[in-house]
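These are the residues of each chain, in order.
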Amino acid sequence: MKLFFRTIGEGVPLIILHGLWGASENWLPIAHLLEDKFQVILPDIRNHGQSPHDEAMNYEVMSNDVIELVEDLKLPVPPHIVGHSMGGKIVMALLLKRPELVNRAVVVDIAPVSYSQRDGGSHNRIIDFMANFDLSQLHSREEVKEAIQQHFRTERSQQLFLKNIKKTASGFEWKINHRVISKHFDEISGCPSSLPNSTYDKEILFIKGEQSNLITGRECLQKEFPAARLVELPQCGHWIHSEQPEKLAQAIKNFLIE
């Protein structure tokens, strides 16, 4: 699949993969903090943003999409790669399939474990809302916003939905393929499987939000990533890129250029 992507800055290539329900635009503030040192490449994952929709949605095909992007770009050197949440699991799958394609790798607030039972609640609520909320009856973004505010109180939740709508000739539609995400949610929240290699032996950085419980410690990383480093950033949870953008950008930069 040919993914939509944005490019910002000049220097060593750096690909950043967003998480579930996200899009490349969510990472523009981080890209601007890194553009002085890197050529930052921000793809939309399949079924998200401006990339094509498809019935397949698992780490085999999502990592293949990124491999295809890297090969199509014909970069002068192997890129660094960063992935948040679902994007982090795509990074892990890619490293366990084609480690030679990547220079250094950073995974943000996700571990190589299944979260199906532990972290499904908020995602299921999002899936149910998108499946049952009739956008076609609304005529302005303000109407959409007011309707969403009746169901979701926090600014972050509201923005998740507002960034995932588009205006078409027939009215508003979801950009995101929530139907396919719902169908494959167990695979998405599970672990990449059926990969050629069982371990990635090069150094890799995992970044944890202090208030997030998705990485329980270095020991949950070491089976697949024995040389894993773990850094914890203070005063943030899972959404590190929006809660502590400067600290996240600095942690990424420190690891990639050391």
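Per an unreviewed UniProt entry, the chain carries the name Pimeloyl-ACP methyl ester carboxylesterase and comes from Butyricimonas faecihominis.

(A) Representation of the domain arrangement of the chain. Domain assignment breaks the chain into domain 1 (5-113 + 195-257) and domain 2 (122-181). Contact with domain 1, which involves 14 residues of that partner, is made by 15 residues of domain 2. If you sort the residues of domain 1 by the area they bury against domain 2, W21, H53 and E55 come out on top, with a joint share of 48%. Linking domain 1 to domain 2 there are three salt bridges. For R179, the salt bridge goes to E55, with nearest N and O atoms at 2.4 Å. Taken together, domain 1 and domain 2 are joined by six residue pairs in polar contact (both at pLDDT 80 or more). In terms of residue class, the side of domain 1 that touches domain 2 is made up of four nonpolar, six polar and four charged.

(B) The arrangement of the packing of helix α5 (residues 141-149) against helix α6 (residues 155-162) in detail. Interaxial distance between α5 and α6 falls to 10 Å at its minimum, and their mutual angle equals 135°. In this view, α5 runs oblique relative to α6, as classed from their interaxial angle. At the point where α5 passes α6, the crossing takes the right-handed sense. Mapping the contact onto sequence places R141, V144, K145, I148 and Q149 in α5 and Q158, F161 and L162 in α6. Within the contact of α5 with α6, the residues separate by chemical class into four nonpolar, two polar and two charged.

(C) Up close: unusual backbone geometry. For W21, which is not glycine, the phi dihedral falls at a positive 75°. Its location among the elements puts W21 in the loop between β2 (12-17) and α1 (28-34). One non-glycine residue, S85, lies in positive phi territory at about 55°. With respect to the helices and strands, the residue S85 is situated in the loop between β4 (80-84) and α3 (86-97). Here S85 falls in the buried class, since its relative accessible area comes to 14%.

(D) Region of the structure containing the pattern of salt bridges. Scanning the model with the defined rule gives 15 salt bridges in all. Between E68 and K2 there is a salt bridge whose closest N-O contact spans 3.0 Å. Of this pair, E68 sits in helix α2 (residues 59-73) while K2 sits in the segment before β1 (5-8), and the two are 66 residues apart along the sequence. A salt bridge links K183 to E55; the nearest nitrogen and oxygen atoms lie 3.7 Å apart.

Procedures and definitions
Residues numbered from 1 in each chain as written. Predicted model: local features only at pLDDT ≥ 70, side-chain atom pairs only at ≥ 80, totals over all residues. Heavy atoms only, no water. Domains from an automatic or database assignment. Contact = heavy atoms within 4.5 Å. Buried area = accessible area lost by both parts, 1.4 Å probe. Salt bridge = Lys/Arg side-chain N within 4 Å of Asp/Glu carboxyl O. Polar contact = N/O pair within 3.5 Å; in protein donor to acceptor, adjacent residues only side chain to side chain. Nonpolar A, V, L, I, M, F, W, Y, C, P; charged D, E, K, R; others polar. Axes fitted to C-alpha atoms, helices over the stretch in contact; angles between N-to-C directions. Helix = DSSP H or I, 4+ residues; strand = E, 2+ residues; numbered from the N terminus. Parallel < 35°, antiparallel > 145°, perpendicular 65-115°, else oblique. Left-handed = near helix turned anticlockwise from the far one by under 90°. Buried < 20%, exposed > 50% of the residue type's maximum accessible area, 1.4 Å probe, protein only.

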